[in-house]
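An overview of the molecular structure
Here's the letter readout for the chains.
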Amino acid sequence: QVQLVESGGGLVQPGGSLRLSCATSGFTFSTSPMYWVRQAPGKELEWVSSIYVDNTHTYTPKSLQGRFTISRDNAKNTLYLQMTSLKAEDTAVYYCVKDLDSVSHPNRNRGFWGQGAQVTVSS
């Protein structure tokens, strides 16, 4: 069965960096597009980044470009999200997702989602 397990979350100060990992199993990771989605307190789900066949095929919304970088290690069946220059507004639960059908309107009832990793940016 598909399993997605995020790790690497925690508390960081503004301007700091953090790398999230998503360990996967139960499917052929190397041929599966993968995504990161987040949800800040009181806000709707927000698409963070996408990655397709390899590390050269990535997409990130303009608002996060330059700070967030998605990558994957197909040999390890692991997805990553490198976050830098973190801001208070980046505080959210970050989810690793397989089979996300809409980046503009992420639907928790579609695809497969990890349990989420809490990222808190605060002084």
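Please refer to the structure higher up on the page.
Described in the following lines is the structure provided in the data block. Worth saying up front: this structure is predicted, and the values here are computed from it rather than measured. (Residues numbered from 1 in each chain as written. Predicted model: local features only at pLDDT ≥ 70, side-chain atom pairs only at ≥ 80, totals over all residues. Heavy atoms only, no water.)

We now examine the environment of Q39. Locating Q39 in the fold gives a position in strand β4 (residues 34–39). With 54 residues separating them along the chain, Q39 and V93 place their C-alpha atoms 5.3 Å apart. Beyond its immediate chain neighbours, meaning those up to four positions away, Q39 contacts E44, L45, A92, V93 and Y95. (Helix = DSSP H or I, 4+ residues; strand = E, 2+ residues; numbered from the N terminus. Contact = heavy atoms within 4.5 Å.)

A separate point is the packing of aromatic side chains. Enumeration according to the criterion identifies five aromatic pairs in this entry. Both rings, one in Y95 and one in W113, keep their centres 5.6 Å apart while their planes meet at 70°; by these two values the pair is edge-to-face. In this pair, Y95 is assigned in strand β9 (residues 92–98) and W113 in strand β10 (residues 112–113), connecting sequence segments 18 residues apart. Pair check on accessibility: Y95 and W113 agree, each one buried. Pairwise contacts between aromatic rings join Y35, Y52 and Y59 into one cluster. Positioned above the aromatic ring of F29, the side-chain terminus of R72 is 4.2 Å from the ring centre. A cation sits over an aromatic face here: R108 above Y95, 6.0 Å from the ring centre. (Phe/Tyr/Trp six-rings, centres within 6.5 Å; stacked < 30°, edge-to-face > 60°. Buried < 20%, exposed > 50% of the residue type's maximum accessible area, 1.4 Å probe, protein only. Lys NZ or Arg CZ within 6 Å of the ring centre and 35° of its normal.)

All right, on to the sheet that holds strand β8 (residues 78–83) then. What the four strands build is an open sheet, ordered β1-β3-β8-β7; its pairing is antiparallel. Two strands close off the open sheet at either side, each with one partner strand: β1 (3–7) and β7 (68–73). With strand direction ignored, the average angle separating the axes of adjacent strands in the sheet is 20°. When strand β3 (residues 18–25) meets β8, the two strands line up antiparallel, connected through six bridges. Counterpart to C22 in the pairing with β8 is L79. (Pairing = 2+ DSSP bridges. Axes fitted to C-alpha atoms, helices over the stretch in contact; angles between N-to-C directions.)

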